[in-house]
Amino acid sequence: MAEFATKRAFGTGASIREQLRAQDDSVVVEAFLAGEERAFQELVERYQTRLLNFIYRTIGDRERAEDLVQEVFIRVHRHIHRFDRSKKFSTWVYTIASNLAKNELRNRSRNPLVLFQTMKGTRAEDDDRPLQFEDSQSRPDDMYRKRHLRALVEETVAQLPEHHREVFVLREIEGKSYEEIAEITDCNLGTVKSRLNRARNAFASIIEPWLD
């Protein structure tokens, strides 16, 4: 009955792809499970760029990150029927991506160099944030200073331990909540916050002299 209702809901009016774009993840997942293959492509389009950026920032190899993103969606397609739909799809897919990235790092013989393309604030609790790496109202004559500042940030991030780097990317770049990060990394909230604080402290010690 649910399958019939889902197919019927996406079968009239605007194109199915347009209707899918207007729905949240849970509805799109339901549509795919009901037999609508275009719903899976919608999920891919929603998450492939975000997952690529996340994995790339974690392992520091863009070509390998592209391969791992493909593997993420292969696993999603294969196991989505086991996905607990009482939870967020985004958390589940990031967990898969995180596990693949961790496996990649474990298989390497040396520590990866991780370069961040941006350091824009995405956090909701501004009072928790000790540093801000970009100022949208900066003047052109600040560009040299900003490039130097970003280089310092990237160098610091590259030296962070894997588990510190991962929570930093999830929080500061992806904007995930503490609860989501805990689920994605399979850590408790206390551990997540502790690792994040250590990563921020490492930044502060280097960047503070460059801040006005």
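Predicted, not measured: the structure shown is a model, and the values here were computed from it.

Asker: Can you walk me through the overall build of the protein in this structure?
Answerer: Secondary structure summary: the protein contains 10 helices and zero strands in total. Relative to its 212 residues, the protein shows a buried fraction of 44%. Long-range pairs, those at least 24 residues apart, make up 64% of the contacts in the protein with a sequence separation of at least 6. When the accessible surface of the protein is totalled, it reaches about 12,100 Å², and 46% of it is carbon and sulfur.

Asker: Is there a simple way to think about unusual backbone geometry in this case?
Answerer: What you tend to see is this: most non-glycine residues have negative phi, and most peptide bonds are trans. The backbone of Asp186 shows a phi angle near 60°, a positive value even though the residue is not glycine. Mapped onto the secondary structure, Asp186 falls in the loop between helix H9 (178-185) and helix H10 (189-207).

Asker: Quick question: what am I supposed to make of the packing of aromatic side chains here?
Answerer: Centre-to-centre distance and the angle between the planes together describe a pair of aromatic rings. Overall, the coordinates contain seven aromatic pairs when judged by the stated rule. Put simply, the rings of Tyr47, Phe83, Phe89 and Trp92 touch in pairs and so form one group of aromatic residues. Geometry around Tyr178 places Arg171 over its ring, the cationic atom sitting 4.2 Å from the centre. The ring of Tyr178 carries Lys193 above its face, with NZ or CZ at 5.2 Å from the centroid.

Asker: Would you mind showing me how to read the side chain of Arg46 here?
Answerer: Following the sequence through the fold, Arg46 ends up in helix H4 (residues 38-59). According to the relative accessible area criterion, Arg46 is buried, its value standing at 19%. Within the local environment of Arg46, its side chain forms a polar contact with the side chain of Glu42, the two groups lying 2.7 Å apart. Look past the residues within four positions of Arg46 in its chain and what remains in contact with it is Leu20, Arg21, Gln23, Asp24, Asp25 and Val28.

Asker: How should I be thinking about H9 in this particular structure?
Answerer: For the α-helix, the turn length of 3.6 residues means that residues three or four positions removed from each other point alike. The element H9 is largely enclosed, with a buried count of six among its eight residues. For H9, the full list of buried residues reads Tyr178, Glu180, Ile181, Ala182, Ile184 and Thr185. After H9 finishes, the residue Asp186 shows a positive phi value of roughly 60°.

Asker: Mind showing me how you'd approach the confidence of the model for the protein here?
Answerer: Interpretation of the predicted coordinates at a detailed level should be avoided for regions scoring low in pLDDT. Within the protein, residue pLDDT values average 76, and 67% of them lie at 70 or more. Under a pLDDT of 50 for its full length, residues 109-138 has, in the predicted model, 75 contacts with residues more than four places off or in other chains.

Asker: It is not clear to me how helix H3 (residues 25-33) should be interpreted in this structure. Could you clarify?
Answerer: Listed in full, the buried residues belonging to H3 are Asp25, Val28, Val29, Ala31 and Phe32. What you see down the axis of H3 is that its buried residues fit within an arc of 160°, all on one side. Following H3 by one or two positions, Gly35 adopts a phi angle in the positive range, close to 110°.

Asker: I tried to follow the pattern of salt bridges on my own but got confused; where do I start?
Answerer: When their charged atoms lie close together, side chains carrying opposite charge are able to pair. Applying the stated criterion to the full structure yields 12 salt bridges. Here Glu45 and Arg17 are joined by a salt bridge, their closest N and O atoms 2.9 Å apart. Here Glu45 is found in helix H4, whereas its partner Arg17 is found in helix H2 (residues 16-21), with 28 residues between them in sequence. Given a relative accessible area of 38%, Glu45 falls into the partly exposed group. In this structure, the salt-bridge partner of Lys87 is Glu183, at a minimum N-O distance of 3.7 Å. Linking Lys87 in the loop between helix H5 (62-79) and helix H6 (89-106) with Glu183 in helix H9, this pair joins segments that are 96 residues apart in sequence. Judged by relative accessible area, Lys87 falls into the partly exposed class, the value being 46%. Salt bridges sharing partners connect three or more residues here, namely Asp25, Glu42 and Arg46.

Scoring rules and cut-offs
Residues numbered from 1 in each chain as written. Predicted model: local features only at pLDDT ≥ 70, side-chain atom pairs only at ≥ 80, totals over all residues. Heavy atoms only, no water. Helix = DSSP H or I, 4+ residues; strand = E, 2+ residues; numbered from the N terminus. Buried < 20%, exposed > 50% of the residue type's maximum accessible area, 1.4 Å probe, protein only. Contact = heavy atoms within 4.5 Å. Areas by Shrake-Rupley, 256 points an atom, 1.4 Å probe, with all protein chains shown as cover. Phe/Tyr/Trp six-rings, centres within 6.5 Å; stacked < 30°, edge-to-face > 60°. Lys NZ or Arg CZ within 6 Å of the ring centre and 35° of its normal. Polar contact = N/O pair within 3.5 Å; in protein donor to acceptor, adjacent residues only side chain to side chain. pLDDT = per-residue confidence, 0-100. Arc of directions from axis to C-beta. Salt bridge = Lys/Arg side-chain N within 4 Å of Asp/Glu carboxyl O.

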